[in-house]
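# Commentary on secondary and tertiary structure
One-letter residues, chain by chain:
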Amino acid sequence: MSLHLYDTATRDVRAFVPLNPGEVGIYLCGATVQAPPHIGHLRPVIAFDVLRRWLERSGLRVTLIRNVTDIEDKILAKAAAAGVEWWAHAATHERMFTRAYDALGVIPPTYEPRATGHVPDMAELMQRLVDRGHAYATGPGDVWFDVRSWPAYGELTRQRLEDLNPEPTGDDVAASAKRDPHDFALWKAPKPGEPETASWETAFGRGRPGWHLECSAMARRYLGDAFDIHGGGLDLRFPHHENEQAQSRAAGYGFAQRWMHCAWVTQQGVKMSKSLGNGLLVSELLAQAPAPVIRYALAAVQYRSMLEWSPDTLDEARTTWERLSGFVDRATERVGGVPADEVAKAELPAGFIEAMDDDLNVPAALAVVHEHLRAGNSALASRDDAAAREELVALRGMLDVLGLDPHDPQWASGADDSAARAALESLVAAELDARVAARAAKDWATSDAIRDRLAAAGVVVQDSADGARWTLTD
């Protein structure tokens, strides 16, 4: 292959050679399903969707694992505040993420494992680490990774242990029993007041998984002892990915051979985050623009570059999408439809291939797309049907790699509007379910916050004896 990809661990762009010829294994850190998805969550998912499409277009068989973290401190806290079961809270938001992925044309992962479904795998990994002298228990349910037992700790992010701040545990009593402040939790004993359903019995006592342990266990379950690529958002490099690598390699596994991280979506230079109050919910965006416009806005910037989101971002993406889809519609009317198989097998322009092979340089690839768009429009203007069809096939073939072929069934024949509407209905329904739960728990602040959030997105909620109804503002 001529594909070159950046490796966060080695900090260089080098040729990508799969461990097994013709196959690629990818583990992508997915969502912690504590709240509705915003575009910051969607950017890495779309970036790795483009990578997957390019690998498959290159003739490789891709196994992509994207996990769901469905048990975690914030999930328990938010469920308790809303007066609902933690698993119901997690399931509600997991569905919202799935609908958002579907709405934006993300190919479903090969497998999408939940943390709660892999406790035996985690227990097995813990036991192996304890047996090899890299982990220890401090009491029933509390198991820690001994960072000083692994001299290579910090190699992923090139940090020295003495320069690092200890990872917060949220439990000072348990943390005080650690051998070293930098040791991190593999297994956590239940805290007072937590539901019994949020813990599992193991040889180390009853508890629930630490965040890092689950990904190492699930990656090995589905991809084996060693696999090609581990990916996620830039913010996961430390401590999450550093700890994953340390515990997996301390257990004797090769783990990820390459690390890829997607940069943040920012507003005024600040990372998009719910804690900062600057998260743009996918449901809000789908009320403002067709789904392919949102996908274009998220995919058009090279994955390692920060994406600065401004009031003009969607308008610019909409203008470009209309130019691309407009040409495809006009050319199809002139020369007839192009079979999907022909689009999938179309010979791609050399400049596009070169750009995509250069660490997925989508902006350079889009420059080639626009060259062919101009040539296609010129061919239509001069009534050169043969040239127009040639440009139509090339353009659709390139856009197909980016998940943006206007005549893909995902978007074609007005499907962008219906898909966006269906996704919007699902996301709003989930928000209203959360509001019902909040009202039942007499959590009026959360109930009002959900109503106000929907109103800000142009969704008007009307309460009636038959339940809540919603409409879009004009």
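We now turn to the structure provided with this report. (Residues numbered from 1 in each chain as written. Predicted model: local features only at pLDDT ≥ 70, side-chain atom pairs only at ≥ 80, totals over all residues. Heavy atoms only, no water.)

### Details of the state of the cysteines
- Counted according to the given criterion, the structure contains zero disulfides.
- Note on C215: no disulfide assigned, nearest cysteine sulfur contributed by C29 at a separation of 3.9 Å.
- Relative accessible area serves as the criterion here: at 1%, C215 is assigned to the buried category.
- Among the cysteines around C262, which has no disulfide bond, C29 carries the closest sulfur, lying 13 Å off. (Disulfide = S-S within 2.5 Å. Buried < 20%, exposed > 50% of the residue type's maximum accessible area, 1.4 Å probe, protein only.)

### Considerations on the pattern of salt bridges
- Throughout the structure, instances matching the rule amount to 30 salt bridges.
- Ionic pairing is found between R179 and D146, a salt bridge with its closest N-O pair at 3.6 Å. Of the two residues, R179 is situated in the loop between α5 (172-175) and β7 (184-188) and D146 in the loop between β6 (142-145) and α5; the sequence distance between them amounts to 33 residues.
- The residue R206 makes a salt bridge to E201 at a minimum N-O spacing of 3.9 Å.
- Residue class for E201 comes out exposed when judged on its relative accessible area of 55%.
- Three or more residues joined by partner-sharing salt bridges are found here, namely D73, K188, K191, E194 and R208. (Salt bridge = Lys/Arg side-chain N within 4 Å of Asp/Glu carboxyl O. Helix = DSSP H or I, 4+ residues; strand = E, 2+ residues; numbered from the N terminus.)

### Digging into the sheet that holds strand β8 (residues 208-209)
- Read from one edge to the other, the open sheet built from four strands follows the order β5-β6-β7-β8, with strand pairing classed as antiparallel. The sheet is open, and its two borders are formed by β5 (135-139) and β8, each paired with just one other strand.
- Here four bridges tie β5 to β6, and the two strands are oriented antiparallel to one another. When the bridges of β6 are listed, Y136 appears paired with W144.
- Seen against the sheet, helix α4 (residues 119-131) touches β5, β6, β7 and β8 and runs at an angle of roughly 130 degrees to β7. (Pairing = 2+ DSSP bridges. Contact = heavy atoms within 4.5 Å. Axes fitted to C-alpha atoms, helices over the stretch in contact; angles between N-to-C directions.)

### Digging into the pairing of strand β3 (residues 23-28)
- Of all six residues making up β3, five are buried, and the element is well covered by its neighbours.
- A crossover links β3 with its parallel partner strand β4 (residues 61-66), the connecting element being helix α1 (residues 39-57), and its sense is right-handed.
- For β3 and strand β9 (residues 226-233), the ladder comprises three bridges, and the chain directions are parallel. Opposite I26, over in β9, you have I229 as the bridge partner. (Right-handed = clockwise from strand over helix to strand, strands pointing away.)

### Some words on the side chain of H182
- Along the polypeptide, H182 turns up in the loop between α5 and β7.
- Discounting chain neighbours no more than four positions away, the residues touching H182 are V147, R148, L161, L164, N165 and P166.

### Observations regarding the packing of aromatic side chains
- Evaluation of the coordinates by the stated rule reveals seven aromatic pairs.
- Here the aromatic rings of W54 and F352 are separated by 6.0 Å at their centres, their planes lie at 75 degrees, and the arrangement is edge-to-face. Within this pair, whereas W54 is found in helix α1, its partner F352 is found in helix α12 (residues 350-357), the two being separated by 298 residues in sequence. Each member of the pair W54 and F352 is classed as buried.
- Between F255 and W259, the ring centres sit 6.0 Å apart and the planes meet at 55 degrees, which makes this aromatic pair tilted. We note that F255, like W259, is buried.
- Cluster of aromatic residues (ring-pair linked, three or more members): F227, F255 and W259.
- Here the guanidinium or amino end of R179 rests over the ring plane of Y136, the centre of that ring lying 4.0 Å away. (Phe/Tyr/Trp six-rings, centres within 6.5 Å; stacked < 30°, edge-to-face > 60°. Lys NZ or Arg CZ within 6 Å of the ring centre and 35° of its normal.)

### Description of the sheet that holds strand β12 (residues 270-271)
- If you walk across this open sheet you meet the three strands as β12-β11-β13, and the pairing is mixed. Where the open sheet ends on each side, the last strands, each with one partner, are β12 and β13 (307-308).
- As paired strands, strand β11 (residues 265-267) and β13 are joined by two bridges and run parallel to one another. Residue T266 lies in a different strand from β13, and its bridge partner there is E308.

### Points about helix α2 (residues 73-82)
- Burial in α2 covers these residues: I75, L76, A79 and A82. Each buried residue of α2 sits inside an arc of 135 degrees when the element is viewed along its axis, so together they form one side.
- By the N-cap criterion, in which a side-chain oxygen at the helix start approaches the backbone nitrogen of a residue two or three places on, α2 is capped by E72, the distance to K74 being 2.9 Å.
- Phi turns positive, to about 75 degrees, at G83, one or two residues after α2. (Arc of directions from axis to C-beta. Polar contact = N/O pair within 3.5 Å; in protein donor to acceptor, adjacent residues only side chain to side chain.)

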